[in-house]
Amino acid sequence: MKAPFSLFLETMMPFPARPSRLRPLALAALLGLGASLAQAAPVAAVHDLARQEQQPLLDTLRDLVNIESGSKDPEGLAKIAALIADRLQKLGGTVEVLQPADIFRMDDTPEKVGPMVHAEFKGTGTRKIMLIAHMDTVYLRGMLKDQPFRVDGERAYGLGIADDKQGVAAIIHTVAMLQKLGFKDYGTLTVLINGDEEISSPGARGTITRVAADQDAVFSFEGGGTDGSLRLATSGIGAAYLAVEGKSSHAGARPEGGVNALYELSHQLLQMKDLSQNDRGLKLNWTVAQAGTNRNVIPAMATAQADARALKVADFDALQAALQDKVRNKLLPDSKVQVKFEVRRPPLEASAASRRVAAHGKAIYDEIGVPLKVIETANGGGTDAAFAALKTRGAVVEGMGLSGFGAHSNDAEYVQIGTIVPRLYLAARMIMDISRDQVK
């Protein structure tokens, strides 16, 4: 069944409401009319084009899924980056594949991290808008055969399809829609696709923050979960590493000659167990510990790791200071204790600008009769959108991608095909309305 606005247009307009047949002036009038009707129904040209892009997007997803691109697979990442760069270049962008130079090295950062595809589209307006996603996955080379691309009913399955190859495809086809509409009212439209998100973006984080700093809006195309929610806040993710150096000695014949690193580690963990502040979303949980080599040897080394979560950037700063203060209090004076803290991802905090843009997104979804939930409270997980938000003056909205399920699973990762048209419509309209200062 056609939407009411589409029926109205076909009745009243002297030409079919399809973008491929619209004269430029007629299209401009159509888009203006859509805005003037208080957004009560979808802008037909945009909605119709979103429907036309569904199958091409699925074809792009197939091509992306068929390239294995694990975060530590340089060959696969180079191949998928080349494909994405080619698609964006054919859409008219100025494109470059960037090799990270300033790498933030963490405990598990590989020697070489994946590239970034950076594309810029110049428009005639003033607004700056940025679209981000990632092309790397958590999977190892060789697993594609067990989870190939396939369509089953209303679901498209495949390796990394939900996290985050759908996001890459959605960006490509959003840009394609704007091109087909002849829309260039933005100042610049920037696309940044990175290849190291699944390992906490050690190479891309600085570039994301720098490029996002002067944007009016940043849209991150991670999946919209199972219900298509937009997210304005996500948890920050941190890691703490505790290392204790003692002195080995025979546990039976001369235990007093040693310095028991396990005892000191236990002391440190116990005095740090209450650093969490659950009422404000700050969590520190020690999860991994190792000590000793043999039953009859006083352990000379002991280590532990903790997972940390926070809702505010300042909370991680305070936690780091608290950890350093705690380790000064030792059980065994002759032991040496060191603690290191990594901010793997900062928190994404909801802002007034983000709330305005998300509210406009809800109004756009109302046009097509689809409810849209906006989540302003972090509920776990981290995101590259948080790096974008560190210095930006504009809105940052996460979850612009397709709905799906099964991320990081070996046999059940899928996206919901029925969310392609609404999401393409939403993304295109958001860009168009921000470019024309129609977001209040």
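All of the points below concern the structure found in this document. Note that the coordinates shown come from a computational prediction; the quantities given were computed from them, not determined experimentally. (Residues numbered from 1 in each chain as written. Predicted model: local features only at pLDDT ≥ 70, side-chain atom pairs only at ≥ 80, totals over all residues. Heavy atoms only, no water.)

A closer look at a nonpolar patch on the surface
Residues Leu262, Tyr263 and Leu331 make up a contiguous nonpolar surface patch of roughly 310 Å² in combined accessible area. Following the sequence through the fold, Leu262 ends up in helix H8 (residues 261–272). (Patch = residues over 30% accessible without salt bridge, like charges linked within 9 Å, V, L, I, M, F, W, Y side chains within 5 Å. Areas by Shrake-Rupley, 256 points an atom, 1.4 Å probe, with all protein chains shown as cover. Salt bridge = Lys/Arg side-chain N within 4 Å of Asp/Glu carboxyl O. Helix = DSSP H or I, 4+ residues; strand = E, 2+ residues; numbered from the N terminus.)

Regarding helix H6 (residues 161–181)
Counting buried residues along H6, 19 of its 21 residues qualify, which places the element largely inside the surrounding structure. Once H6 ends, the next one or two residues include Gly182, with phi positive near 70 degrees. (Buried < 20%, exposed > 50% of the residue type's maximum accessible area, 1.4 Å probe, protein only.)

Considerations on the sheet that holds strand E10 (residues 283–291)
Strand pairing in a sheet relies on backbone hydrogen bonds. The paired strands run either parallel or antiparallel. Read from one edge to the other, the open sheet built from 4 strands follows the order E10-E11-E9-E12, with strand pairing classed as antiparallel. Bordering the open sheet on either side are E10 and strand E12 (336–345), each of which pairs with just one other strand. The sheet shows a mean angle of 15 degrees between the axes of neighbouring strands, direction not considered. Note: E10 against strand E11 (residues 301–310), 8 bridges, orientation antiparallel. The partner of Leu284 across the bridge, within E11, is Ala308. (Pairing = 2+ DSSP bridges. Axes fitted to C-alpha atoms, helices over the stretch in contact; angles between N-to-C directions.)

Focus: the pairing of strand E7 (residues 217–220)
Neither face of E7 is left uncovered, since the one carrying Ala217 and Phe219 and the one carrying Val218 and Ser220 both have all their residues buried. In this structure, strand E3 (residues 128–134) lies alongside E7, joined through 4 bridges in parallel fashion. Bridging from a neighbouring strand, Met130 pairs with Val218 of E7. Note that E7 and strand E14 (residues 395–398) share 4 bridges and pair parallel. Of the residues in E14, the one forming a bridge with Ser220 is Glu398.

A short note on the pattern of salt bridges
Applying the stated criterion across every chain, the model contains 28 salt bridges. In this structure, the salt-bridge partner of Asp146 is Lys145, at a minimum N-O distance of 3.9 Å. Here Asp146 matches Lys145 in class, with each residue exposed. The partner of Lys340 in a salt bridge is Glu342, with the nearest N and O atoms 3.9 Å apart.

What to know about the packing of helix H4 (residues 54–65) against helix H12 (residues 420–435)
For any two helices packed against each other, the geometry is given by the interaxial angle and the distance between the axes. For the pair H4 and H12, the least separation of the axes is 10 Å and the interaxial angle reads 100 degrees. Relative to H12, H4 is oriented roughly perpendicular. The residues of H12 that touch H4, namely those facing Gln54, Leu57 and Leu58, are Ile420, Val421 and Leu424. Taken together, the residues that form the contact of H4 with H12 break down as 5 nonpolar, 1 polar and no charged. (Parallel < 35°, antiparallel > 145°, perpendicular 65-115°, else oblique. Contact = heavy atoms within 4.5 Å. Nonpolar A, V, L, I, M, F, W, Y, C, P; charged D, E, K, R; others polar.)

Structural notes on the nonpolar core
The tendency in soluble globular proteins is for nonpolar side chains to be buried side by side. If you look at the biggest cluster of nonpolar residues, it comprises 76 residues, and the most contacted ones within it are Leu131 and Phe219. Listed in part, the 22 residues of the second largest apolar core include Leu242, Ala306, Ala310 and Val327. (Core = buried A, V, L, I, M, F, W, Y, C linked by side-chain atoms within 4.5 Å.)

A few points about unusual backbone geometry
With omega at 10 degrees, the peptide bond leading from Asp163 into Asp164 counts as cis. Along the polypeptide, Asp164 turns up in helix H6. If you check the backbone angles, Ser201 has positive phi at about 55 degrees while not being a glycine. Mapped onto the elements of the fold, Ser201 is located in the loop between strand E6 (188–194) and helix H7 (205–212). What makes Ser201 buried here is its relative accessible area of 0%.

Note that every value here comes from positions in space, so none of it alone points to a role or purpose.
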